[in-house]
Amino acid sequence: MTFLLGHLPLTVSSQTQTNTIPKLPNLTPKFIPNLFSLAIAITLTSPLPSHAIPSLNSSKPPPISLTTPFSQSKNLQLGLENGKIRPCPSTNPGCVSTNPKSSNFDFPWTIPENSVDNAIQRLREAIIETQKNVKFQPVEDTPDGQYLQAEVDGKFDRDVLEFLVKGDVVAYRCMAAKVTYVYPFTTAFGDSKGQEARLKQINDQLGWYSPSFDSME
């Protein structure tokens, strides 16, 4: 169809032009797993924020070592401490010591003048005469005196005797090597009177001077 627009002819086509839109490929279900795998790969290779992963070098307080009176009693320390007889452990009530820090304190012995030269030998003999199944450790000569350790049969198990002879003075500690606990209580069961009786047997055999609170009255 032709019209006159001014002096110029204008022709209008009877057919309407339409824009052609490209079609997307058909995403059938068989492509979905591939797209899912691709998404995971991109996620794993992408850098994450620094705060997303906790630092392995972050400082943490060391674990607290849990100890109980029972576990402490399994590691009884023997031998001299700074050249002196050790006090009785707080976890071991079956103990007597000449160390003034002990709750179960006993006075040191005094050796008569005529027994000073062979004091260690006489002490060994008195222990053998009064105690059962004695086992001695070698005598140690220290700057603070001669140290003698012996193990004997006790009321519940084995007991340990420690002596430090310096001049005419004998310091000592006598204690149960095994601490007994009565279930379900967590308090140790011990007999310091039994240790005192053992020491009295040894000293009676020796005949050395053994001061006491009663003798000071």
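For the structure, see preceding data.
All of these numbers come straight from a predicted model, not from anything done at the bench.

## Some details on the overall build of the protein chain
Point 1. The number of helices and strands found in the protein chain is four helices and eleven strands.
Point 2. Residues classed as buried in the protein chain amount to 27% of the 217 residues present.
Point 3. Here the contacts in the protein chain between residues at least 6 apart in sequence split such that 53% fall between residues at least 24 apart.

## What to know about the packing of aromatic side chains
Point 1. As enumerated under the stated definition, the model contains five aromatic pairs in all.
Point 2. Aromatic pair Trp 109 and Phe 163: ring centres 5.9 Å apart, planes at 40 degrees, arrangement tilted. Separated by 54 residues along the polypeptide, Trp 109 in strand E4 (residues 109-110) and Phe 163 in strand E8 (residues 158-166) bring together distant segments of the chain. In terms of burial, Trp 109 and Phe 163 fall into one category: buried.
Point 3. Taken together through their ring pairs, the aromatic side chains of Trp 109, Phe 163, Tyr 172 and Trp 208 make up a single cluster.
Point 4. Sitting above the plane of the Phe 136 ring, Arg 124 keeps its charged end 4.2 Å from the centroid.

## Things to note about the pattern of salt bridges
Point 1. In this structure the tally under the stated criterion is seven salt bridges.
Point 2. Salt-bridge contacts for Asp 153 lead to Arg 158; the nearest nitrogen and oxygen are separated by 2.6 Å.
Point 3. For Glu 162, the salt bridge goes to Arg 173, with nearest N and O atoms at 2.9 Å. One end of the pair, Glu 162, is in strand E8; the other, Arg 173, is in strand E9 (residues 169-176), with eleven residues separating them in the sequence. Residues Glu 162 and Arg 173 agree in their burial class; the two are buried.
Point 4. What you see here is one network of salt bridges that share partners, running through Glu 151, Asp 153 and Arg 158.

## With respect to unusual backbone geometry
Point 1. At Asn 82, a residue that is not glycine, the phi angle is positive and equals roughly 55 degrees.
Point 2. Note on placement: Asn 82 falls in the loop between helix H2 (69-73) and strand E3 (95-97).
Point 3. Judged by its relative accessible area of 75%, Asn 82 falls in the exposed class.
Point 4. The backbone phi angle of Asn 133 is positive, close to 50 degrees, even though this residue is not glycine.
Point 5. Turning to its location among the elements, Asn 133 is positioned in the loop between helix H3 (119-130) and strand E5 (135-136).

## Considerations on H3
Point 1. For H3, with twelve residues, the first-to-last C-alpha span of 17 Å sits near the 16 Å given by 1.5 Å per residue.
Point 2. Within the span of H3, buried status applies to Ala 119, Ile 120, Leu 123, Ala 126 and Ile 127. Looking straight down H3, one finds its buried side chains confined to an arc of 125 degrees; they lie on one side.

## A closer look at the environment of Leu 199
Point 1. On the secondary structure map, Leu 199 appears in helix H4 (residues 192-206).
Point 2. Take Leu 199: its relative accessible area is 3%, and that puts it in the buried class.
Point 3. Distance in space between the C-alpha atoms of Leu 199 and Cys 174 is 7.7 Å, their sequence separation being 25 residues.
Point 4. Excluding residues within four positions of it along the chain, Leu 199 makes contact with Val 96, Asp 106, Trp 109, Phe 163, Tyr 172 and Cys 174.

## Notes on the pairing of strand E7 (residues 145-153)
Point 1. Sheet topology note: the E5/E7 ladder contains two bridges and is antiparallel. Bridge pairing in E7 places Phe 136 opposite Ala 150.
Point 2. With three bridges joining them, strand E6 (residues 140-142) and E7 adopt antiparallel strand pairing. In the sheet register, Asp 141 faces E7, and the bridge partner there is Gln 146.
Point 3. Joining the antiparallel neighbours E6 and E7 is a turn of two residues.
Point 4. Of the strand pairs in this sheet, E7 and E8 are connected by eight bridges, and their pairing is antiparallel. Looking at E8, one finds that Gln 146 is bridged to Val 165.

Cut-offs and rules
Residues numbered from 1 in each chain as written. Predicted model: local features only at pLDDT ≥ 70, side-chain atom pairs only at ≥ 80, totals over all residues. Heavy atoms only, no water. Helix = DSSP H or I, 4+ residues; strand = E, 2+ residues; numbered from the N terminus. Buried < 20%, exposed > 50% of the residue type's maximum accessible area, 1.4 Å probe, protein only. Contact = heavy atoms within 4.5 Å. Phe/Tyr/Trp six-rings, centres within 6.5 Å; stacked < 30°, edge-to-face > 60°. Lys NZ or Arg CZ within 6 Å of the ring centre and 35° of its normal. Salt bridge = Lys/Arg side-chain N within 4 Å of Asp/Glu carboxyl O. Expected span 1.5 Å × (residues − 1). Arc of directions from axis to C-beta. Pairing = 2+ DSSP bridges.

Fair warning: the whole summary comes from geometry, so function is off the table for now.
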